[in-house]
Amino acid sequence: AQKITQTQPGMFVQEKEAVTLDCTYDTSDQSYGLFWYKQPSSGEMIFLIYQGSYDEQNATEGRYSLNFQKARKSANLVISASQLGDSAMYFCAMSEADSWGKFQFGAGTQVVVTP
Amino acid sequence: ETGVTQTPRHLVMGMTNKKSLKCEQHLGHNAMYWYKQSAKKPLELMFVYNFKEQTENNSVPSRFSPECPNSSHLFLHLHTLQPEDSALYLCASSHRTSGETGELFFGEGSRLTVL
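A few points on the structure. (Residues numbered from 1 in each chain as written. Chains lettered and ligands numbered in written order. Predicted model: local features only at pLDDT ≥ 70, side-chain atom pairs only at ≥ 80, totals over all residues. Heavy atoms only, no water.)

Overview of the pairing of strand β5 (residues 32–39) of chain A
Residues and elements named next belong to chain A.
For step 1, the next point in the chain: Among the eight residues in β5, eight count as buried, and that is most of the element.
For step 2, the next point in the chain: Of the two faces of β5, the one carrying Y32, L34, W36 and K38 and the one carrying G33, F35, Y37 and Q39 are both buried.
For step 3, the next point in the chain: Inspection of the sheet shows β5 paired to strand β10 (residues 88–96) by eight bridges, in the antiparallel sense. Its bridge partner lying in β10, Y32 is registered against E96.
For step 4, the next point in the chain: One ladder, built from six bridges, connects β5 with strand β6 (residues 46–52); its direction is antiparallel. Looking at the pairing, F35 lines up with Y50 of β6.
For step 5, the next point in the chain: Where β5 hands over to β6, the hairpin turn is made up of six residues, of which G43 adopts a positive phi near 105°. (Buried < 20%, exposed > 50% of the residue type's maximum accessible area, 1.4 Å probe, protein only. Helix = DSSP H or I, 4+ residues; strand = E, 2+ residues; numbered from the N terminus. Pairing = 2+ DSSP bridges.)

Details of the state of the cysteines
Residue and element names in this part refer to chain A.
For step 1, the next point in the chain: According to the stated counting rule, one finds two disulfides over all chains in the structure shown.
For step 2, the next point in the chain: The residue that forms a disulfide with C23 is C92, at a sulfur-sulfur distance of 2.0 Å. Classification of the bridge connecting C23 and C92 rests on its S-S torsion, roughly -65°, and on that basis the disulfide is left-handed. Separated by 69 residues along the polypeptide, C23 in the loop between β3 (19–21) and β4 (24–25) and C92 in strand β10 bring together distant segments of the chain.
For step 3, the next point in the chain: Overall, C23 belongs to the buried group, its relative accessible area being 0%. (Disulfide = S-S within 2.5 Å.)

Following this line, the structure appears as structure tokens:
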């Protein structure tokens, strides 16, 4: 069964605006990690941000922040002040404590930033 | 020098050929992975190696044969592939401890086309 759900196949966002990418997950583990990756057209997967299940604060990395709502099992990525270079596929992923290293990925969201 | 290097970047092969994909990581990580990325599908975990030992084989057909001679190198040997095996093959590495795993660091991928 799919454990990571990304419901937005594609999004358009205007330059300098913020965009929120949705991610919900399914796990019965108490300990897990949530990750977001960016994949430009070149193919390389670039790590953006990490949230541990026990972290009480939402993770932030520069223009990226993760809106972690544990009870709702959601881990949405917020990109502030979008730039043209942010156009890419974005993947949400999870690694569970009982299978550390066995990352599971969502289907991805294609983001296109327009001038 | 990038952290995870994959060669070749592009490969076209016939169904009767034998070829190999190579991955090398320069990050001192102890775990390495092969993922398959097909069009319109989430990334699929194929194999996981931890300290050169295979810890995960995600029901991958035997026409894909991994090899991990040391913690820095990972190969994927290919033989008698099918056209549906055409995909982007991504190698990744991470640092794993007994309690958790760090984020995955990916290579740029090997784009495989099977004729």
